[in-house]
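# Examination of the molecular architecture
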Amino acid sequence: SQTIHQWPATLVQPVGSPLSLECTVEGTSNPNLYWYRQAAGRGLQLLFYSVGIGQISSEVPQNLSASRPQDRQFILSSKKLLLSDSGFYLCAWSVQLPSDTQYFGPGTRLTVL
Amino acid sequence: DAKTTQPPSMDCAEGRAANLPCNHSTISGNEYVYWYRQIHSQGPQYIIHGLKNNETNEMASLIITEDRKSSTLILPHATLRDTAVYYCIVVTGTASKLTFGTGTRLQVTL
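The structure contained in this document is the topic of the report that follows. None of these values were measured; they are calculated from a predicted model. (Residues numbered from 1 in each chain as written. Chains lettered and ligands numbered in written order. Predicted model: local features only at pLDDT ≥ 70, side-chain atom pairs only at ≥ 80, totals over all residues. Heavy atoms only, no water.)

## Regarding the packing of aromatic side chains
Per the stated rule, a full pass over the model turns up twelve aromatic pairs over all chains. The interplanar angle of 45° and the centroid separation of 5.5 Å between the aromatic rings of Tyr36 of chain B and Phe100 of chain B together place this pair among those described as tilted. One end of the pair, Tyr36 of chain B, is in strand E3 (residues 32-38); the other, Phe100 of chain B, is in the loop between strand E8 (84-91) and strand E9 (104-109), and 64 residues separate them in sequence. The pair formed by Tyr36 of chain B and Phe100 of chain B is uniform in burial state, with each residue classed as buried. Members of the aromatic cluster, connected to one another through ring pairs, are Tyr34, Tyr36, Trp93, Tyr103 and Phe104 of chain A together with Tyr34, Tyr36, Tyr46, Tyr87 and Phe100 of chain B. When the ring centre of Phe88 of chain A is taken as reference, the NZ or CZ atom of Arg109 of chain A above it lies at 4.3 Å. (Phe/Tyr/Trp six-rings, centres within 6.5 Å; stacked < 30°, edge-to-face > 60°. Helix = DSSP H or I, 4+ residues; strand = E, 2+ residues; numbered from the N terminus. Buried < 20%, exposed > 50% of the residue type's maximum accessible area, 1.4 Å probe, protein only. Lys NZ or Arg CZ within 6 Å of the ring centre and 35° of its normal.)

Laid out in structure tokens, this is it:
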């Protein structure tokens, strides 16, 4: 069966510090991968998605970047964190067949102080 | 993607069926109805999805009206662990962006 891992689970970082969040998927090949952010009390916002190694699409301009160095690894990064980067970061995966259902990881709660 | 409307909150007694409605009157022919839920501080959990026909799995049943303008998620025997925010969304295409609204906060009580 497929599983998705995210780490760390929680993170507290000072403004201006770098960020690296990692997501890995097991049990499937060539998945679509997604990064979402959920701000406190608000809905989900798609940040990036990837349909293959090295292929990244950005949904909104922001202080973050994403990379996919391996088929089942998706990394979210920032060179300098802003207060507004605080939130709950969720990674998700899907495969086109039999359906394109997205399955979410446990999330990383980031607090920027 | 079409917009959905859900009641902000609902209560259900443990052991009873929980029926969560969703209105999606502007849904187009190639859009699916998906349901997810999110338990506090966890990632969203996929429940079920459908296009036209009613669907059932081990977690729930999804009833879609004939005109597809609304649907109902049914948890047949709610337990305390089903307390969560339930999101109804409509999506189309591959690598789709999921847009979660405010959902329905279901509280299951003893």
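## Some words on the sheet that holds strand E2 (residues 18-23) of chain B
Residues and elements named next belong to chain B. Overall, antiparallel pairing links the four strands, which are arranged E2-E7-E6-E5 in an open sheet. Every interior strand has two partners, whereas the edge strands, E2 and strand E5 (55-56), have only one. Sheet topology places E2 next to strand E7 (residues 70-75); six bridges connect them, and they run antiparallel. By the bridge assignment, Cys22 is partnered in E7 with Ser71. (Pairing = 2+ DSSP bridges.)

## Digging into the sheet that holds strand E1 (residues 3-7) of chain A
All names here are of chain A. What the four strands build is an open sheet, ordered E1-E3-E8-E7; its pairing is antiparallel. This sheet does not close on itself; its edge strands, each paired only once, are E1 and strand E7 (65-70). The sheet shows a mean angle of 20° between the axes of neighbouring strands, direction not considered. Where E7 lies against strand E8 (residues 73-78), four bridges are found, and the strand directions are antiparallel. The partner of Gln70 across the bridge, within E8, is Gln73. (Axes fitted to C-alpha atoms, helices over the stretch in contact; angles between N-to-C directions.)

## Points about the state of the cysteines
Summed over the entire model, instances satisfying the criterion amount to two disulfides over all chains. The disulfide partner of Cys23 of chain A is Cys91 of chain A, and the gap between their sulfur atoms is 2.0 Å. Handedness of the Cys23 of chain A-Cys91 of chain A disulfide follows from its S-S torsion of about -75°: it is left-handed. Placement of the pair is Cys23 of chain A in strand E3 (residues 19-26) and Cys91 of chain A in strand E9 (residues 87-94), with a sequence separation of 68 residues. The burial state of Cys23 of chain A is the same as that of Cys91 of chain A; both residues are buried. Here Cys22 of chain B is linked by a disulfide to Cys88 of chain B, with a sulfur-sulfur distance of 2.1 Å. Looking along the S-S bond of the Cys22 of chain B-Cys88 of chain B disulfide, the torsion reads about -80°, which is the left-handed sense. With Cys22 of chain B in strand E2 and Cys88 of chain B in strand E8, this pair connects stretches of sequence that are 66 residues apart. The exposure class of Cys88 of chain B is buried, given its relative accessible area of 1%. Distance from the sulfur of Cys12 of chain B, which forms no disulfide, to the nearest cysteine sulfur (Cys22 of chain B) is 18 Å. (Disulfide = S-S within 2.5 Å.)

## Considering the side chain of Thr28 of chain A
Residue placement: Thr28 of chain A occurs in the loop between E3 and strand E4 (32-38). What Thr28 of chain A contacts, discounting residues up to four positions off in sequence, is Gln2, Arg72, Trp93 and Val95 of chain A. (Contact = heavy atoms within 4.5 Å.)

## Here's the deal with the pattern of salt bridges
All names here are of chain A. According to the stated counting rule, one finds three salt bridges over all chains in the structure shown. Asp71 serves as the salt-bridge partner of Arg68, at 3.3 Å between the closest nitrogen and oxygen. According to the relative accessible area criterion, Arg68 is buried, its value standing at 3%. Asp71 gets classed as partly exposed once you look at its relative accessible area, which sits at 21%. (Salt bridge = Lys/Arg side-chain N within 4 Å of Asp/Glu carboxyl O.)

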